[in-house]
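Reading the structure
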Amino acid sequence: MPRLAYFILALCLLTVVAAVVSFAQGNWLIGIVWVLLAGLTSNMSWYYVHRSRRARRGAASAPQG
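Below, the structure is looked at part by part. (Residues numbered from 1 in each chain as written. Predicted model: local features only at pLDDT ≥ 70, side-chain atom pairs only at ≥ 80, totals over all residues. Heavy atoms only, no water.)

When you line up the elements, valine 16 lands in helix α1 (residues 3–25). Look at valine 16 and you get partly exposed, because its relative accessible area is 39%. (Helix = DSSP H or I, 4+ residues; strand = E, 2+ residues; numbered from the N terminus. Buried < 20%, exposed > 50% of the residue type's maximum accessible area, 1.4 Å probe, protein only.)

Glancing now at α1. A rise of 1.5 Å per residue sets the reference length of α1, with its 23 residues, at 33 Å; its end C-alpha atoms lie 33 Å apart and thus fit the reference within 8%. Looking at α1, one finds that the buried residues are Ala5, Ile8, Cys12, Thr15, Ala18, Ala19 and Ser22. Taken together, the buried residues of α1 touch α2 (28–61). Phi for glycine 26, located one or two positions after α1, is positive at around 90 degrees. (Expected span 1.5 Å × (residues − 1). Contact = heavy atoms within 4.5 Å.)

Glancing now at a nonpolar patch on the surface. A cluster of nonpolar side chains, Met1, Tyr6, Leu9 and Leu13, forms an exposed patch at the surface whose accessible area comes to about 420 Å². Inspection of the secondary structure assignment puts methionine 1 in the segment before α1. Classification of methionine 1 by relative accessible area gives partly exposed; the value is 46%. (Patch = residues over 30% accessible without salt bridge, like charges linked within 9 Å, V, L, I, M, F, W, Y side chains within 5 Å. Areas by Shrake-Rupley, 256 points an atom, 1.4 Å probe, with all protein chains shown as cover. Salt bridge = Lys/Arg side-chain N within 4 Å of Asp/Glu carboxyl O.)

Tallied over the entire structure, the rule returns two aromatic pairs. Residues phenylalanine 23 and tryptophan 28 carry aromatic rings whose centres are separated by 5.0 Å and whose planes lie at 50 degrees to one another, so their mutual orientation is tilted. Look at tryptophan 28 and you get exposed, because its relative accessible area is 58%. On the basis of an interplanar angle of 70 degrees and a centroid distance of 5.2 Å, the ring pair of tyrosine 47 and tyrosine 48 is categorised as edge-to-face. For tyrosine 47, a relative accessible area of 38% gives the class partly exposed. (Phe/Tyr/Trp six-rings, centres within 6.5 Å; stacked < 30°, edge-to-face > 60°.)

This is the structure:
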């Protein structure tokens with residue numbers, strides 16, 4: 001997994017924690033914003049993981065010459 005995916009995954013976990021704290025304190029609007037950011041960062045992490053897998057798969061199947 002690429003390093004950028006690890007950083008984004010950590011950011012995703014932090015946004016989930018921030019959303020839980022916001023909801024616990026009664027800040028519903030801010031909590032919803034944090035949930036949306038958590039969704040965005042999880043999609044970014046998924047993208048970078050699959051991009052690196054496609055790159056490895058493409059490099060393995062490329063003809064040697």
